[in-house]
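Fold and contact review
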Amino acid sequence: MTDVLLQVSGLSKRFGGFVALADIDLDVSTGERLGLIGPNGSGKSTLVNCISGTLRNETGSVRFDGRVMDALPPHQRTRLGLARGFQLPRPFHTMTLAENLRIPMLYVVEARGDTVAGGVDSRCLALLDMVGLADKAHRLPKDLTQIEMRKLELARAMAAEPKLLISDEAMAGLSHHEIDDILMLLIRLNEQGVTIIMIEHIMRAVLAFSQRLVCLVAGRKIADGDPQAVVRQDDVVQAYLGS
Amino acid sequence: MKNPLFIVWLIVAAAVTFAAARLIDNSYAFFAGYVVLQYIVLATAWNILGGYTGYVNFGIPAFFAIGAYSSVVLHKLVPMPLPLMIVVGGVASGLAGLGTGYLTLRLRGTFFSIATLAMAVVMQTLITNWTFVGGSRGAYMIRPAATPYFGLDYIQYLFLIMLALSVIAVAVARAIEHSRLGYGFATIRDDELAAEASGVPTLKLKLIACTLSGGFMGMAGAPLPYYVTYLDPASAFSLSYAVNTIAMPLIGGTASWLGPVIGAILIGTLQQVATVTISSALSLLIVGLMLVGFVIMAPKGIIGWFAPKEKAGGRVP
């Protein structure tokens, strides 16, 4: 667990005059389950976008698996093993569920020169089975419910066989039971060796999941450590509840 | 159906088409048929970028005219057989497509379309002011009376060449559709951000689509000077090429290779018939009315009527 997989150092991002992220340092070890919390607008999604390459950070750098990734476009970062789910699910809406999962297999796994274990078709079904969507393999995403959409998003991220998975509010708007469902999935993935960063507003889920918790407020990291200690920290409480 | 088998079927269909045209034994059949075939190539080419990746290109006349004018240049400088000219024209317009793509593909949606429209205007201005290819006066092309091949007269030869080009264009479009590339194109159409996150190199794929699309449009344009025998910028850059080429895939359906073919045959034939029986000015009106009708009644085009319900408008694996 001392092996650093993702290393963010001195990362800043501004939109015009607005500083979205200021001097963020963050290390994530291989196999870790990290929770990332913060009030709305605190820069969580911006941080994810900078790590995954959708946005370019002005200063600082992102190292992943020993490589500096700053100049790489998002698809190359995905090929190196960094997968993300989007806050609002973004399925390929003209493709069936199975085809949705096929894309990362064709463009990540096979593009790396690896072969998909057991063949693409059966791997698609296996992944859909893992998230409980096997019976809808040949349906279109528009037939899915909100939670199924989130599960598809997760399955598609997993189809890229990532080393690090960033789950961006995969549980917002879901019921108690559905949250447990997704939580179980994520923990199972972690047990299979995938490092996971979970961004979440739902405290019960974050606390159940995280081994370590990081809190962002107004673009700054104000806390990093044991989850129970972080949520009791004065400035964290203040950011959420006001003083 | 596997690709080689499909190509055999395409060639059979083409042979039947040619035999039928020979049976009619009227050179006007070849004149009219050439235009329909030309639109099959144009519509198929447009659909590679517009239908598969969702980037709507209004600059069709530019690519088409680059092909046509490259033949004019070659005709004056280094005369060569027409098939070679088509290759050169295709390469020239393919490179133009690549360049256009590189400059404009960071724009999305309507902005991309407007940029391509501007490109066509720029290209027309350049050609109009280039006296070597005739400038605004236009260029005359003397075509040989007969061809060295099987005693065909020249219009039959042009027809045959355009037939071969449509076979190639359709075969390429279908091969793309069922390949890794086709899946990549479709992800770009659906959601570029998600495509990148799934490892799809979107910029590279868009450039490939632009190059292929532009290249085939140029190939469709390369024989044009020999067909019309007099080429001027106003007709080479005619707006009707853009309108027809976009309307045909939209009416036929953009999701698969068959849509542009159906659209081109349907509208192209209707226009030719109307030109002969009523008036040539009617042809654009036909397209306009059909487009309005189809947008309302069949937003997924004619193939949308026949696609299985669940997969309507989707990709057939």
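Residues numbered from 1 in each chain as written. Chains lettered and ligands numbered in written order. Predicted model: local features only at pLDDT ≥ 70, side-chain atom pairs only at ≥ 80, totals over all residues.

Observations regarding the overall build of chain A
If you tally the helices and strands in chain A, you get 9 helices and 10 strands. At 18 Å, chain A has a C-alpha radius of gyration in line with the 18 Å of a compact globule built from 243 residues. Principal axes of the C-alpha set define a box for chain A whose edges measure 50 × 40 × 35 Å. For chain A, buried positions account for 47% of its 243 residues. Sequence-distant contacts, at least 24 apart, represent 65% of the contacts inside chain A between residues at least 6 apart. (Helix = DSSP H or I, 4+ residues; strand = E, 2+ residues; numbered from the N terminus. Rg over C-alpha atoms; globule rule 2.2 N^0.38 Å. Buried ≥ 20, exposed ≤ 12 C-beta atoms within 10 Å, placed from the backbone. Contact = placed C-beta atoms within 7 Å.)

Regarding the overall build of chain B
Of regular secondary structure, chain B possesses 15 helices and 2 strands. Expected size for 317 residues packed as a compact globule is a radius of gyration near 20 Å; at 19 Å, chain B falls within 12% of this value. By sequence separation, contacts in chain B at least 24 residues apart represent 77% of the contacts at least 6 residues apart.

Here's the deal with helix H14 (residues 282-297) of chain B
Count 3.6 residues to each turn of an α-helix, and residues three or four apart come out pointing the same way. Residues and elements named next belong to chain B. Along its 16 residues, H14 runs 22 Å from first to last C-alpha, staying within 8% of the 22 Å computed at 1.5 Å per residue. Those residues of H14 lying buried are Ser283, Val287 and Phe294. Seen end-on, H14 carries its buried residues on one side only, within an arc spanning 45°. Relative to its buried face, H14 has exposed residues pointing more than 90 degrees away, namely Gly288, Leu289, Val292, Gly293 and Ile296. Structurally, H14 contributes buried residues whose contacts are with helix H12 (239-252) and helix H13 (258-277). (Expected span 1.5 Å × (residues − 1). Arc of directions from axis to C-beta.)

Thoughts on the interface of chain A and chain B
With 26 residues of chain A at the contact, the number on the chain B side is 20 residues. Among the secondary structure elements, those contributing two or more residues to the side of chain A that touches chain B are helix H2 (74-80) and helix H3 (97-109) of chain A. Take the side of chain A that touches chain B: its biggest share by element is 7 residues, from H3(A). Taken together, the residues that form the side of chain A that touches chain B break down as 13 nonpolar, 6 polar and 7 charged. (Nonpolar A, V, L, I, M, F, W, Y, C, P; charged D, E, K, R; others polar.)

Concerning the packing of helix H7 (residues 180-190) of chain B against helix H9 (residues 202-221) of chain B
All names here are of chain B. Their axes nearest at 10 Å, the elements H7 and H9 cross at an angle of 110°. For the element pair H7 / H9, the angle class is roughly perpendicular. Of the residues in H9, those touching H7 at Leu181, Gly184, Phe185 and Ile188 are Thr202, Leu205, Lys206 and Ala209. Its residues placed into classes, the contact of H7 with H9 shows 5 nonpolar, 2 polar and 1 charged. (Axes fitted to C-alpha atoms, helices over the stretch in contact; angles between N-to-C directions. Parallel < 35°, antiparallel > 145°, perpendicular 65-115°, else oblique.)

Describing the confidence of the model for chain A
Put simply, chain A has an average pLDDT of 89, and 99% of its residues get 70 or more. Element-level mean pLDDT values for chain A span from 83 in helix H9 (residues 234-241) of chain A up to 94 in strand S8 (residues 195-199) of chain A. (pLDDT = per-residue confidence, 0-100.)

Details of the sheet that holds strand S2 (residues 18-29) of chain A
All names here are of chain A. On the basis of which strands lie adjacent, the open sheet formed by 4 strands has the order S2-S1-S4-S5 and antiparallel pairing. On the outer flanks of this sheet lie S2 and strand S5 (67-68), each paired with one strand and no other. Sheet strands in contact with helix H1 (residues 44-52) are strand S1 (4-15), S2 and strand S4 (59-64), and its direction is about 65° off that of S2. (Pairing = 2+ DSSP bridges.)

With respect to the packing of helix H2 (residues 27-50) of chain B against H12(B)
All names here are of chain B. Orientation of H2 relative to H12, taken along the N-to-C sense of each, is 70°, at an axis distance of 8 Å. On the basis of their axis angle, the class for H2 and H12 is roughly perpendicular. The chirality of how H2 crosses H12 is right-handed. Counting all contacts with H2, which are made through Tyr39, Leu42, Ala43, Trp46, Asn47 and Gly50, the residues of H12 involved are Tyr241, Asn244, Thr245, Ile246, Met248 and Pro249. Partitioning the contact of H2 with H12 into residue classes produces 8 nonpolar, 4 polar and no charged. (Left-handed = near helix turned anticlockwise from the far one by under 90°.)

What about the pairing of S4(A)?
Residue and element names in this part refer to chain A. The sheet contact formed by S1 and S4 spans 5 bridges and is antiparallel. In the sheet register, Leu6 faces S4, and the bridge partner there is Phe64. Alignment of S4 against S5, held across 2 bridges, turns out to be antiparallel. Paired with Phe64 across the strands is Arg67, a residue of S5.

Here's the deal with the environment of B:Ile48
Residue and element names in this part refer to chain B. Mapped onto the secondary structure, Ile48 falls in helix H2. When the C-alpha atoms of Ile48 and Arg174 are compared, they prove to be 9.7 Å apart, with 126 residues separating the residues in sequence. Not counting residues within four places of it along the chain, the set of residues in contact with Ile48 comprises Ala173, Ile176, Ala209, Leu212 and Ser213.

So, the environment of A:Asp23
Residue and element names in this part refer to chain A. Its place among the elements puts Asp23 in strand S2. Once the C-alpha coordinates of Asp23 and Ser9 are considered, the two residues, 14 residues apart in sequence, prove to be 7.4 Å apart. Excluding residues that lie within four positions of it along the chain, Asp23 makes contacts with Gly10 and Ser12.

Comments concerning the nonpolar core
Residue and element names in this part refer to chain B. Val41, Leu42 and Ala65 are the most contacted members of the largest nonpolar core, which has 163 residues in total. Tallying contributions element by element places H2 first for this core, with 14 residues. With residues near it in sequence (within four places) discarded, Ala65 still touches Met123, Ile127, Gly221, Ala236 and Phe237. (Core = buried A, V, L, I, M, F, W, Y, C linked by C-beta atoms within 7 Å.)

Considering the sheet that holds strand S7 (residues 164-168) of chain A
Sheet strands line up and pair through hydrogen bonds in the backbone, either parallel or antiparallel. All names here are of chain A. Spatially, 6 strands are ordered S6-S7-S8-S3-S9-S10 in an open sheet, and the strand pairing comes out mixed. Each edge of the sheet is formed by a strand with only one pairing partner; in this case those strands are strand S6 (82-85) and strand S10 (220-225). Along the sheet, successive strands turn relative to each other by an average axial angle of 15°, direction set aside. Pairing analysis gives 4 bridges linking strand S3 (residues 33-37) to strand S9 (residues 212-217), with the strands arranged parallel. Of the residues in S9, the one forming a bridge with Gly35 is Leu213. This element, H1, spans S3, S6, S7, S8 and S9 of the sheet and lies at about 150° to S7. Packed on one face of the sheet, helix H5 (residues 146-159) meets S6 and S7 and runs near 170° to S6.

A word on the confidence of the model for chain B
Residues and elements named next belong to chain B. Mean pLDDT for chain B: 88, with 96% of residues reaching 70 or above. The lowest-confidence element of chain B is helix H15 (residues 302-306), averaging 84 in pLDDT; the highest-confidence one is H9, averaging 95. The model gives residues 310-317 a pLDDT under 50, and that stretch makes 21 contacts with residues more than four places away or in other chains. Scored as a whole, the predicted complex attains pTM 0.89, and scored at its interfaces, ipTM 0.88.

Concerning the environment of A:Ala159
Residue and element names in this part refer to chain A. By the element assignment, Ala159 lies in helix H5. Placed 44 residues apart in sequence, Ala159 and Thr115 show a C-alpha to C-alpha distance of 12 Å. Among all residues touching Ala159, those that are not within four sequence positions of it are Leu101, Pro104, Met105 and Leu127.

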